[in-house]
Amino acid sequence: MTQQGRDQLHANWPKLYPPADEARLPAEELLLLKPGGDYGWPQCYYDGVQKKLVLGPEYGGDGGKQAGVCANKIGPVASLPAHWAPNAMVRYENKQFPARYRNGVFIAFHGSWDRAPYMQGGYNVVFQALEGDHAPGNCEVFADGFAGPDESPAGAAHRPSGLAVGQTGVVCFRRHPGPNLPDCVQGRPCRRSLGDHPMPERHGPVREAVEVSAQPPEGTHANAGADATSKLPVPEGATPAMVALGDRITTARSAELLVKGAMARTLLALLWGLVLHPESGCGAMAAMPEF
């Protein structure tokens, strides 16, 4: 399976990640699923430059130096360029293509938005060779040119979003860009019978910056990346690091207090009914005053 990596490392943690890391980190991943496998989400992301899983900044990470618990997680079979957004994958086992295409997968990349201020990437179909449970090398671009001259979510003419193996080649389903349209709407198939293209730019940006900023299609939360966790109270039994994970600790603590409050209210109800009004029995709970 493919996995789309996280976004906005520099935007949310500029003290830990330089601007170039917005474009080159983290890698998209090709994973081999195993029963009970732990691939590190959400604590970890795969750094395609260092070629290892590292700890995310929300979980005590320091910009990619610390592995922490990620050292014991399952890494990808292959790492893919950052933010290209894999949307579909198909294994090719036919014999129409040359032998080097017969043991691997084709991946359709829908295209990035979070590589600003550098050029966006993806909007293509790549081939990733496999040897058993590992990849012998990097992927290669198999089909390109879907987006036209403007490789961006708003300006792309088409964006690959689906793949299937046909009798004579690999069929790619691409969609027209448009607001609130699912990928299957206005789709148009294209056929690619053979590919011989150079390797994609794997990691750091090589072009000059072209954009000032970029925002995710769904918007950004006002508190994203806010460095305010040091001011939050630490509940009993928790640690500052746990509080930094978000509001889950608070939610869990609130649930615990609600349960304890309900237990206390039930006990008071029983006392009200059995001691003060023994004639009413269990029905006293319905008639008891609010505590």
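Anyway, here's the lowdown on the structure attached to this text. (Residues numbered from 1 in each chain as written. Predicted model: local features only at pLDDT ≥ 70, side-chain atom pairs only at ≥ 80, totals over all residues. Heavy atoms only, no water.)

## Quick notes on the overall build of the protein chain
A tally of regular secondary structure across the protein chain gives 5 helices and 12 strands. Each of the 291 residues in the protein chain was classed as buried or not, and the buried ones make up 37%. Summing over all exposed atoms, the protein chain offers an accessible surface of approximately 16100 Å²; the carbon and sulfur share of this is 57%. (Helix = DSSP H or I, 4+ residues; strand = E, 2+ residues; numbered from the N terminus. Buried < 20%, exposed > 50% of the residue type's maximum accessible area, 1.4 Å probe, protein only. Areas by Shrake-Rupley, 256 points an atom, 1.4 Å probe, with all protein chains shown as cover.)

## Description of the state of the cysteines
Simply put, the disulfide is a covalent bond whose two ends are the sulfur atoms of two cysteines. Enumeration according to the criterion identifies 1 disulfide in this entry. Here Cys44 pairs with Cys70 through a disulfide, and the sulfurs are 2.1 Å apart. An S-S torsion of about -95° defines the bridge between Cys44 and Cys70 as left-handed. Of this pair, Cys44 sits in strand S3 (residues 44-47) while Cys70 sits in the loop between strand S4 (52-55) and strand S5 (78-80); the two residues are 26 residues apart in sequence, bridging distant segments of the chain. Cys70 shares its class with Cys44; the two are buried. (Disulfide = S-S within 2.5 Å.)

## Focus: the sheet that holds S5
Across the sheet, 3 strands lie side by side as S1-S2-S5; this open sheet has antiparallel pairing. The outermost strands of the open sheet, each flanked by one partner alone, are strand S1 (2-3) and S5. Sheet topology note: the S1/strand S2 (residues 28-30) ladder contains 2 bridges and is antiparallel. Across the sheet, residue Thr2 finds its bridge partner in S2, namely Leu30. (Pairing = 2+ DSSP bridges.)

## Section: unusual backbone geometry
For the bond from Leu25 to Pro26, the omega torsion is -15°, close enough to zero to count as cis. Mapped onto the secondary structure, Pro26 falls in the loop between helix H2 (21-24) and S2. Residue His83 is not a glycine yet carries a positive backbone phi of 65°. With respect to the helices and strands, His83 occurs in the loop between S5 and strand S6 (86-92). The exposure class of His83 is buried, given its relative accessible area of 5%.

## Here we look at the side chain of Glu22
Positionally, Glu22 belongs in helix H2. This buried residue, Glu22, is left without a salt bridge; Arg6 holds the nearest opposite charge, at 8.9 Å. Reaching out from Glu22, the side chain makes a polar contact with the backbone nitrogen of Leu9 at a distance of 3.3 Å. At 3.2 Å, the side chain of Glu22 and the backbone nitrogen of Ala11 are in polar contact. Not counting chain neighbours up to four residues away, the residues in contact with Glu22 comprise Gln8, Leu9, His10, Ala11, His83, Asp114, Arg115 and Ala116. (Lys, Arg positive; Asp, Glu negative; His and termini not counted. Salt bridge = Lys/Arg side-chain N within 4 Å of Asp/Glu carboxyl O. Polar contact = N/O pair within 3.5 Å; in protein donor to acceptor, adjacent residues only side chain to side chain. Contact = heavy atoms within 4.5 Å.)

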